[in-house]
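Each chain, written out:
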Amino acid sequence: MDNDNQDAKYSKGCSPTTLNKTRRKSISIREYVYDVEDELCSCISFKEVSEISGAKVHIKSSVRGKTTVGIRGTRGQIQAALQIITTSTGEKEKELEKAQAHWLDWVQQAFPDLEQRAYFLPPVYITRVSISKKTIAGQSVVRLRTEDEQGNNMKESVATSSARPLHPSSNIPSVQKSDVIYGKALQCVLYSLRRLSKEHNEVFMCLSQFPFGSYLGEPRFAPAVAHLPVSSNLSSAWQWKWRQGDFDILLIHKDYGCIILKIKAVSETHEEQQTERVAKVLKEATAQLEKEEVMLSHLLSDIASDVRITTTIACPNLTAQQIENVLSANQKLRQVRTFL
């Protein structure tokens, strides 16, 4: 099967609706197909693979000396099945070497100056708030969809639903004020990092809004990834929900190792309310950084067990004095100082 078709190896089925939403994505049923040389099929006990992995494993076809094996189950079950199959057939090292060669080649082509300059992924900041299209003065424009606008549209829709169908844009979720504030804060930090890299010739890779599950997530490399640490096989010693999440900003620095930045922004309110809000936000950030450090240590465990990881909180719309006042007034936040 050629590379263009390999990404289609996974086909998603229906997701169970009775389980927690945070687990729904990881337990959705998929099907994966894997080609095995005919002479190696005798090394595989398909019944045993199914029993151990929990996936449904069956032979789909056999053409030109290759047998296509179908594996149906959750992502974790498919990984377990592939791990057993590639180990039984002796293909484990071959799959790992093939994937490693591809990844190195891709890095060299995509980032030719990796040792001399900073790179950002994505290369431009992408806002993730909802938008709606409007026609103003005969021109089609895109604008943020506010909470007030959504409320007015809902009232209008209820009043006129019997007279006309709802406009498609009425289903677009509104932009929460917190989303806008967070977006500006993230953009500010990314801009500062770009400026820092240019003015001081810093060398690093910057990943922003990077989901845990995106790491080694391409289906074509599943046979190799089955033997590597990914978010779905985080040790059961940690809470299940820790497998879900993302890094606001992850820096892989040439000299300082890995740096995890948790971006926090607080809207301007009454001074007393803001103090309480800042204290809550800092406490949340500390807990989130603990989870992200555990996940990053896990993902890098096959590379080295002592990778240097630094965690920090970035609050671009707060002054150092504001944060200091909050920390001084709340003794329970002493631990937060280590992240600032």
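What you see is a predicted model; the values in this text were computed from it and never measured. Along every chain, residues carry numbers that run from 1 in the direction the sequence is written. At least 70 in pLDDT is required for a residue's local features to be given in this predicted model, at least 80 for side-chain atom pairs to be given and counted, and no such filter applies to totals for whole chains, interfaces and linings, which use all residues. The side-chain quantities take in all heavy atoms of the structure and omit both hydrogens and water.

### Observations regarding the packing of aromatic side chains
- Two aromatic rings, drawn from Phe, Tyr or Trp (for Trp, its six-membered ring), form a pair once their centres lie within 6.5 Å of each other, and the interplanar angle then sorts them: stacked below 30 degrees, edge-to-face above 60, tilted otherwise. Counting across every chain of the model gives six aromatic pairs.
- Geometrically, the ring pair formed by Phe111 and Tyr119 is edge-to-face, given 5.0 Å between the ring centres and 70° between the ring planes.
- Given a relative accessible area of 9%, Phe111 falls into the buried group.
- Pairwise contacts between aromatic rings join Trp106, Phe111 and Tyr119 into one cluster.
- Should the NZ of a Lys or the CZ of an Arg lie within 6 Å of a ring centre and within 35 degrees of the ring normal, that charge is described as sitting over the ring. Directly above the aromatic system of Tyr119 lies the positively charged group of Arg117, at a separation of 3.9 Å from the ring centroid.
- Positioned over the ring face of Phe120 is Arg194, at 4.2 Å from the centre of the ring. Type-normalised accessible area, obtained with a 1.4 Å probe on protein chains alone, sets the label of each residue: buried when under 20%, exposed when over 50%, and partly exposed for intermediate values.

### Points about the nonpolar core
- Counting 33 residues, the largest nonpolar core has Phe247, Leu250, Ile260, Leu282, Leu296 and Ile313 as the members making the most contacts within it.
- Those elements that provide at least two residues to this core are strand E8 (204–211), strand E9 (246–253), strand E10 (257–263), helix H9 (271–299), strand E11 (309–314) and helix H10 (320–329).
- Residue contributions to this core peak at 10 residues, all from H9.
- Nonpolar core, defined: a set of buried Ala, Val, Leu, Ile, Met, Phe, Trp, Tyr and Cys residues in which side-chain atoms within 4.5 Å join the residues together. By size, the runner-up hydrophobic cluster in this structure holds 19 residues, among which are Tyr32, Val69, Leu82 and Ile85. To qualify as a helix, a DSSP run of H or I must reach at least 4 residues; to qualify as a strand, a run of E must reach at least 2; elements of each kind are numbered from the N terminus.

### Topic: the pairing of strand E3 (residues 56–63)
- Whether two strands pair comes down to DSSP finding at least two bridges between them. Looking at chain direction, E3 and strand E4 (residues 66–73) are connected through seven bridges and run antiparallel. In the sheet register, Lys56 faces E4, and the bridge partner there is Arg72.
- Taken together, E3 and the strand that follows it, E4, pair antiparallel across an intervening segment of two residues, in which Arg64 is found at a positive phi of about 55°.

### A few points about the environment of Asp35
- Mapped onto the elements, Asp35 comes out in strand E2 (residues 30–37).
- A polar atom in the side chain of Asp35 sits 2.9 Å from the side chain of Thr68. N or O atoms within 3.5 Å of each other form a polar contact, as long as, within protein, one can give a hydrogen and the other can take it, and as long as residues adjacent in sequence are counted only when both atoms are side-chain atoms.

### Things to note about helix H7 (residues 177–200)
- Expected helix span is taken as 1.5 Å per residue step, with the number of steps being one fewer than the number of residues. With 24 residues, H7 should cover 34 Å at 1.5 Å per step; its first-to-last C-alpha distance of 35 Å lies within 8% of that length.
- Within H7 the residues assigned to the buried category are Ile181, Gly183, Ala185, Leu186, Val189, Leu190, Leu193 and Ser197.
- Its buried side turned inward, H7 meets strand E5 (119–121), E8, E9, E10 and E11. For this analysis, residues touch if any pair of their heavy atoms sits within 4.5 Å.

### A word on the pattern of salt bridges
- We define a salt bridge as a side-chain nitrogen of Lys or Arg found within 4 Å of a carboxyl oxygen belonging to Asp or Glu. Counting across every chain of the model gives seven salt bridges.
- Residue Glu95 is joined to Lys98 by a salt bridge in which the shortest nitrogen-to-oxygen separation is 3.4 Å. You can see Glu95 and its partner Lys98 sitting in helix H5 (residues 92–110), three residues apart, about one turn around the helix.
- On the basis of relative accessibility, which here comes to 9%, the residue Glu95 falls in the buried class.

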